[in-house]
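Spelled out from the first residue to the last, the chains are:
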Amino acid sequence: MKRVHVAAAVIRGVDGRILIARRPEDKHQGGLWEFPGGKVEAGEAVSVALARELEEELAIRPTASRPLIQIRHDYPDKQVLLDVWEVTAFTGEPHGAEGQPLAWVSERQLPEYEFPAANTPIVAAARLPERYLITPDGLQSAELLAGVRKALDAGVRLIQLRAPNMFDPQYRDLAVDVQGLCAGKAQLMLKGPLEWLGDFPAAGWHLTAEQLRKYAAGGRPFPEQRWLAASCHAAEELALAAQMGVDFVTLSPVQATATHPEAQPLGWDAASELLAGCNLPAYLLGGVGPSDIERAWQVGAQGVAGIRALWPDAAL
């Protein structure tokens with residue numbers, strides 16, 4: 001069965017809302033919502049196909065766009081490759097040129113709409129930022145909280161509280177404080193035993209590779225409304241993350257890093273190959289920073305994750 005190549009767009013308005021369209025009832029996956037786009041013709045560049053389809057469907061022409069995520073999905077009757085781009089500027093006023101209903105929805109509202117199964121990772125990618133801050137180890141609580149405040153003021157929207165050398169009660173107390181700081185501003189991801197899940201209902205959870213290997217066979221440990229992530233370093237772990245149904249992953253180390261000097265770096269080429277087989281939003285981690293975000297997009301990543309490179313205190 002030949003895989004159908006489809007270009008699709010996550011279109012953002014100036015207010016940050018995202019444009020979605022409802023599929024006609026008589027089409028494949030009819031009645032469900034989708035990100036606008038259409039089939040890439042043989043020999044056609046994805047950007048050209050996307051511009052053509054958006055003009056035909058919505059009467060708009062993209063003027064600023066970049067790769068977001070690629071999804072390979074097998075339906076019982078069709079195999080598709082979804083080549084998804086984020087469009088942040090366009091000319092024209094979008095309307096359903098083919099009579100299809102449209103809706104502008106916030107990132108928070110996206111999960112309330114029913115999409116085809118292949119779109120689940122796209123919904124996650126559309127809601128996730130380009131930077132994932134991981135807090136540094138070895139700071140006093142006051143220093144760490146001050147750094148988190150600075151990061152939030154600088155626009156960081158996804159933060160992992162990583163404090164591997166703290167005693168459990170210390171970490172839990174700190175998690176309560178950081179969760180309070182993040183409320184309404186950023187998504188907090190915690191690490192620790194899964195027995196803690198019920199104590200922090202507003203937080204997401206970031207699994208270690210060891211936890212991923214231990215629990216993947218059992219599926220998601222909590223409902224889809226909560227963010228679930230996992231640390232991955234190889235194709236096997238990426239496959240386990242997909243099996244478990246996590247929302248996003250980190251892939252590391254891309255380059256040599258002071259946090260794990262003993263780890264063998266993947267390099268950009270190997271990272272790109274691994275991401276080509278991964279249907280999940282992925283942050284590249286290890287020796288990367290804000291200046292690498294565009295390169296990360298080009299190899300198929302959501303963006304970059306980092307400790308020192310993203311922490312607001314330049315003295316680290």
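See the structure shown above.
None of the values given here were measured: they were computed from a predicted structure.

Asker: Is there a simple way to explain the pairing of strand E11 (residues 204-207) in this structure?
Answerer: Of the two faces of E11, the one carrying Gly204 and His206 and the one carrying Trp205 and Leu207 are both buried. As defined by bridge partners, E11 adjoins strand E12 (residues 228-232) across 3 bridges and the pair is classed as parallel. Paired with Leu207 across the strands is Ala230, a residue of E12.

Asker: Explain unusual backbone geometry here, please?
Answerer: Backbone geometry follows two general trends: most residues other than glycine have a negative phi, and most peptide bonds adopt the trans configuration. Of the consecutive residues Ser252 and Pro253, the connecting peptide bond is found in the cis state with omega at -10°. Structurally, the position occupied by Pro253 is in the loop between strand E13 (248-251) and helix H7 (268-276). Although it is not a glycine, Ala59 sits at a positive phi angle of roughly 60°. Mapped onto the fold, Ala59 is located in the loop between helix H1 (46-58) and strand E5 (61-74). Owing to a relative accessible area of 33%, Ala59 belongs among the partly exposed residues under this scheme.

Asker: Help me understand the pairing of E5 in this model?
Answerer: Regular strands place side chains that alternate from one sheet face to the opposite one. Sheet topology note: the E5/strand E6 (residues 79-91) ladder contains 12 bridges and is antiparallel. In the strand pairing of E6, Arg61 is matched with Thr91. Between the antiparallel neighbours E5 and E6 lie 4 residues.

Parameters at a glance
- Residues numbered from 1 in each chain as written.
- Predicted model: local features only at pLDDT ≥ 70, side-chain atom pairs only at ≥ 80, totals over all residues.
- Heavy atoms only, no water.
- Buried < 20%, exposed > 50% of the residue type's maximum accessible area, 1.4 Å probe, protein only.
- Helix = DSSP H or I, 4+ residues; strand = E, 2+ residues; numbered from the N terminus.
- Pairing = 2+ DSSP bridges.

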